[in-house]
Amino acid sequence: MTQRRFPAGFWWGAATAAYQIEGAVDVDGRVPSIWDTFCAEPGRVAHGDTGAEAAQHYRRYREDVGLMRELGLGAYRFSISWARVFGGETRGLDFYDRLVDELCAAGIKPVATLYHWDLPQSLEDGGGWLARATPERFADYATAAAERLGDRVALWCTVNEPWCSAFLGYSSGAHAPARAEGAAGLTAAHHLLLAHGLANLAVRAAAPDALVSCALNQGAVRAVSDSPADLDAARRIDGLLNRLFVDPILRGAYPEDVLEDTRTVTDWSFVQDADLKAISTPIDVLGVNYYQPDLVGAAAEPQTGPWPFPGSTGVAFHKTPGPLTEMDWTVDPSGLFELLTRLKRDYDVPVMITENGAAYADVAADGRVADPDRIAYLDGHLKAAHDAITAGVDLRGYFVWSLLDNFEWALGYGKRFGIVHVDYETQRRTLKDSARWYRDVIAANGL
Ligand code: IFM
């Protein structure tokens, strides 16, 4: 018997991103992105992997939508590659047009993310997310995408995980464009937020009935002890990871304590008068990407070397006890409950879990992939999500990351997040046991 039933109309989905699955990097007028450049630089990506082939979704999208239909997905979150739509190119939009039609024909709601990290390289050459021109160009791109697809896209996600683009891209340099420039990440974060705000306005102008969101990687940040130093370290990380993004979007202001913490590294002069008004244009639902909690304490020494939290050195990340995924991320669904109820308490906003899932070392054998650890991970997190609903959180949907095994950025193909296994030699897709399990959850609207 189903113990936990989700609300009627709950969106059951799966998510992917363009560069991680599409391949076809040199067709139909696509221009190079910062990830093509990053992958071409020796030593940046594990095993020298690149997204050039990936899961060949650009060619195999019909087969992939067929799998989604088989699973009974109600929604599919994909990203549009800006590099395919750059400089007025329309052939890239033709592809997304076909994909969206295919989804609609299968009864699956298209959820389109406009930016999932693949900035056109020529924009990076002009300053990337450190340049104010980039969010302005992004608004034009958002207009073009919404004019073409806005009649069918059920929900728009403007930017995905701006924390990663800003601080892994421009502060620590672990991700493209590999700029280890410390405080530059704060400028990038502001311009990504501005891109979100301008795209929100652009999408609404082009498609007045559109629902608009953004997908933030929000963490449950916990202090390793109650000592004032550890509590303060946790406050600072919570500030840069969570509140730096959610406060301007939902409250129209940067958090005072974060402004104060970072004054030694930036004067925030990149924020212009009307920016926060644009950034806080109302959204319909907040997208939350959650994987694991963060356990934080004070460190005896300040950080040396690349560090993605500018203005907050002297912080140590500890391992939350518990089982680990293949990413070495702790499985702790209570973090999801904590995060969702915190968003309810502090912001009272409708939320959608736009990513949640786990990598394991799955092996396909005899047409089957047994992945009990992933089932346990998803089961635990869905139960936590349901508990959050019971506690009053207005949770509208859940997207498993990911539909397909894919290119896990700097870690390459070694980390498999899919509920569908991809054999990269043959491109054969195999439903993992977790996909069948998820299909049953969707069918029952609960677990
Ligand atoms: O693969 C990524 C995705 O692109 C963004 N969110 C986290 C996932 C797992 O690392």
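A quick note: this is a predicted structure, and the numbers were derived from the prediction, not measured.

A.B. asks: When you look at the environment of Arg84 in this model, what are you seeing that I'm missing?
C.D. replies: Inspection of the secondary structure puts Arg84 in the loop between β2 (75–79) and α4 (91–105). Between the C-alpha atoms of Arg84 and Asp118, which are 34 residues apart in sequence, the distance is 10.0 Å. Those residues in contact with Arg84, other than ones at most four positions away along the chain, are Glu22, Gly23, Ala24, Val27, Arg30, Tyr58, Glu89, Gly92 and Tyr96. At a separation of 2.7 Å, a polar atom in the side chain of Arg84 contacts the side chain of Glu22.

A.B. asks: Would you take a moment to explain the sheet that holds β2 for this structure?
C.D. replies: In a beta sheet, neighbouring strands pair by backbone hydrogen bonds and run either parallel or antiparallel. Pairing in this closed barrel of 8 strands is parallel, and the strands run β1-β2-β3-β4-β5-β7-β10-β11 around the ring. Neighbour-to-neighbour, the strand axes of this sheet turn through a mean angle of 25°, independent of strand direction. As paired strands, strand β7 (residues 286–289) and strand β10 (residues 351–356) are joined by 4 bridges and run parallel to one another. Following the sheet pairing, Gly287 is matched in β10 by Met352. On the sheet, helix α7 (residues 162–170) packs against β3 (109–115), β4 (155–160) and β5 (212–217) and is oriented at approximately 45° with respect to β5. Set on the sheet, helix α8 (residues 184–206) makes contact with β3, β4 and β5; between it and β4 the angle comes to about 160°.

A.B. asks: What is the right way to read the packing of aromatic side chains from this model?
C.D. replies: The way to describe two aromatic rings as a pair is by their centre distance and the angle between their planes. For the structure shown, the criterion picks out 39 aromatic pairs. When the ring of Phe10 is compared with that of Trp12, the centres are 4.8 Å apart and the planes differ by 65°; the resulting orientation is edge-to-face. This pair shows no difference in class: Phe10 is buried, exactly as Trp12 is. Taken together, the ring pairs in this structure connect Tyr19, Trp35, Phe38, Trp117, Phe407, Trp409, Tyr413 and Tyr424 into an aromatic cluster.

A.B. asks: Honestly, helix α3 (residues 57–71) in this entry has me stumped. Any pointers?
C.D. replies: At 3.6 residues per turn, the α-helix brings residues three or four places apart onto the same side. The terminal C-alpha atoms of α3 lie 17 Å apart, and with 15 residues this falls more than 12% below the ideal 21 Å at 1.5 Å per residue. Of all the bends found along α3, the most pronounced is centred on Glu63 and spans about 40°. Of the residues making up α3, those classed as buried are His57, Tyr58, Tyr61, Asp64, Val65, Leu67, Met68 and Leu71. For α3, the elements touching its buried residues are α1 (18–21), β2, α4, β12 (420–423), β13 (428–431) and α14 (433–444). Taken from the residues just after α3, Gly72 is the one with a positive phi, measuring 80°.

A.B. asks: Would you mind showing me how to read the layout of surface pockets here?
C.D. replies: Sizing a probe to match a water molecule and rolling it over the atoms shows the empty space that remains. In this structure, the largest pocket occupies an estimated 1000 Å³ of space. Counting residues per element, the lining of the largest pocket draws most heavily on α7, at 3 residues.

A.B. asks: What am I meant to see in the sheet that holds strand β6 (residues 221–223) here?
C.D. replies: Ordered by their spatial adjacency, 3 strands build an open sheet running β6-β8-β9, and the pairing between neighbours is mixed. Only two strands of the sheet have a single neighbouring strand rather than two, namely β6 and β9 (315–318). Across the sheet, the mean angle separating the axes of adjacent strands is 40° when strand polarity is ignored. As defined by bridge partners, strand β8 (residues 294–298) adjoins β9 across 4 bridges and the pair is classed as antiparallel. Considered in β9, the bridge of Val296 is made with Phe317. Most of the contacts of helix α9 (residues 228–251) go to β8, to which it runs at about 130°, and overall it touches β6, β8 and β9.

A.B. asks: Explanation requested: the site of the ligand in the structure shown.
C.D. replies: Lining the immediate environment of the ligand, one finds Gln20, His116, Trp117, Asn160, Glu161, Tyr291, Trp329, Glu355, Trp401, Glu408, Trp409 and Phe417. Between Glu355 and the ligand, the recorded distance is 2.5 Å, taken from a side-chain N or O atom to a nitrogen atom. At 3.3 Å, a side-chain N or O of Trp401 approaches an oxygen atom of the ligand. The protein chains hide 95% of the 280 Å² of surface that the ligand would expose on its own.

A.B. asks: What is the right way to look at empty space enclosed by the protein in this model?
C.D. replies: Under the defined criterion, the tally for this structure stands at 3 cavities of 30 Å³ or more. For the largest cavity, the calculated volume is near 50 Å³. Together, Ile34, Trp35, Tyr115, Trp117, Trp129, Cys164, Ser165, Tyr170, His175, Ala176 and Pro177 line the largest cavity. When contributions to the lining of the largest cavity are tallied by element, the ones reaching two or more residues are α2 (34–40) and α7. A per-element tally of the lining of the largest cavity places α7 first, with 3 residues. Each residue belonging to the lining of the largest cavity can be placed in one class, and the counts come to 9 nonpolar, 2 polar and no charged.

A.B. asks: Is there a simple way to think about the environment of Val258 in this case?
C.D. replies: The residue Val258 is located in helix α10 (residues 256–261) in this model. Separated by 18 residues in sequence, Val258 and Leu240 place their C-alpha atoms 6.9 Å apart. When near neighbours in sequence (up to four residues on either side) are disregarded, Val258 contacts Gly239, Leu240, Arg243 and Leu244.

Each value, and the rule that gives it
Residues numbered from 1 in each chain as written. Predicted model: local features only at pLDDT ≥ 70, side-chain atom pairs only at ≥ 80, totals over all residues. Heavy atoms only, no water. Helix = DSSP H or I, 4+ residues; strand = E, 2+ residues; numbered from the N terminus. Contact = heavy atoms within 4.5 Å. Polar contact = N/O pair within 3.5 Å; in protein donor to acceptor, adjacent residues only side chain to side chain. Pairing = 2+ DSSP bridges. Axes fitted to C-alpha atoms, helices over the stretch in contact; angles between N-to-C directions. Phe/Tyr/Trp six-rings, centres within 6.5 Å; stacked < 30°, edge-to-face > 60°. Buried < 20%, exposed > 50% of the residue type's maximum accessible area, 1.4 Å probe, protein only. Expected span 1.5 Å × (residues − 1). Bend = angle between axes of the 7 residues up to and from the residue. 1 Å grid on protein atoms, 1.4 Å probe; cavity = no way out; pocket = protein on both sides within 12 Å on 5 of 7 lines; lining within 4 Å. Points joined across faces, edges and corners; volume = space filled by probe spheres on them. Near = heavy atom within 4 Å. Areas by Shrake-Rupley, 256 points an atom, 1.4 Å probe, with all protein chains shown as cover. Nonpolar A, V, L, I, M, F, W, Y, C, P; charged D, E, K, R; others polar.

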